[in-house]
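Single-letter residue listing:
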Amino acid sequence: MARIVDENFEGTGYEETWSETIDACCTLDEDSTIPGTPPNGAGSQCLKAVVLDATNNLAYNQQIKSDTNIVYARFYMYLSENGLTTNGNFVRILTVLDSAGNSCCRVILERNAGVPKIYYSYYSAGAFSSTAMVAINLNQWYRGEFQYDITYLLWEWKIDGTSQANGSLVAAVRTPNRIRTGLDSYTGTAQTTLYQDLVVW
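Residues numbered from 1 in each chain as written. Predicted model: local features only at pLDDT ≥ 70, side-chain atom pairs only at ≥ 80, totals over all residues. Heavy atoms only, no water.

Colleague: Can you break down the overall build of the protein chain residue by residue, with the values?
Modeller: A tally of regular secondary structure across the protein chain gives zero helices and 16 strands. Whereas a compact globule of 201 residues would reach a radius of gyration of roughly 17 Å, the protein chain reaches 16 Å, a difference of no more than 12%. If you line up the protein chain on its principal axes, its C-alpha atoms span 40 × 40 × 30 Å. The buried share of the protein chain, taken over its 201 residues, is 50%. Counted over contacts in the protein chain with a minimum sequence separation of 6, partners at least 24 positions apart contribute 67%. Of the accessible surface of the protein chain, which amounts to about 8300 Å², a share of 45% is contributed by carbon and sulfur atoms. If you average the places of the 13 positive and of the 21 negative side-chain charges in the protein chain, the two averages end up 7 Å apart. (Helix = DSSP H or I, 4+ residues; strand = E, 2+ residues; numbered from the N terminus. Rg over C-alpha atoms; globule rule 2.2 N^0.38 Å. Buried < 20%, exposed > 50% of the residue type's maximum accessible area, 1.4 Å probe, protein only. Contact = heavy atoms within 4.5 Å. Areas by Shrake-Rupley, 256 points an atom, 1.4 Å probe, with all protein chains shown as cover. Lys, Arg positive; Asp, Glu negative; His and termini not counted. Charge placed at Lys NZ, Arg CZ, Asp CG, Glu CD.)

Colleague: An account of the state of the cysteines is requested, with residue identities and associated values reported.
Modeller: With the rule as written, the count across this model stands at zero disulfides. The thiol of C26 is not disulfide-bonded; the next cysteine sulfur, from C25, is found 6.8 Å away. Left unpaired, C104 is separated from the closest cysteine sulfur, that of C105, by 6.1 Å. A residue is classified by how much of its surface remains accessible, and C104, at 0% relative accessible area, is buried. (Disulfide = S-S within 2.5 Å.)

Colleague: Got a sec to walk through the nonpolar core? Specific residues and values, please.
Modeller: Judged by nonpolar contacts, the single largest core of 43 residues is most densely connected at M77, I93, Y120, F146 and Y148. The biggest single contributor to this core is strand 6 (residues 70-81), with five residues. When sequence neighbours within four positions are dropped, the list of residues in contact with M77 reads I93, I118, I136, Q140, W141, Y142, L194, Y195 and Q196. By size, the runner-up hydrophobic cluster in this structure holds seven residues, among which are I34, C46, Y76 and L198. (Core = buried A, V, L, I, M, F, W, Y, C linked by side-chain atoms within 4.5 Å.)

See the structure below:
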């Protein structure tokens, strides 16, 4: 299967064509120096997104593609600063949307039981369902992978190569058309900084 998106954030600017949405006091740097021990296959640069609070809460990029029934996506993430100060605070860190801008599936970072956790949320049977949350550490790279397939009605979510959950989709579903990375719809009360790299669809 051909890659629809294959962004490594190397060189000056993006390797591919992205549009950016950045609120006041927020930043999105596609030429950031990669922190920590880089993931396998990474270069020296990555995407850095910073949001301030629930008002200044957008720092993301987006690629619009043609309607595509099958998504196999992979990305790496590294949380260096966590401003999700209250349980239930969350932010979308990678989202696939339909042509109307409605989410098909997304990876969400949320504060739960006092710590940051990630999970996968997908649109099936006319509503969103979510997997169990998995706690993550600051200053550590994680690989996220997911499937959203409306041809064969399948979904799956992996962290660092280990399947966390999988199952079947049920109509009504949504048709993938575009992808966002960075920090979207943040509800925290303090600054959060997230790095991402090696984004593939």
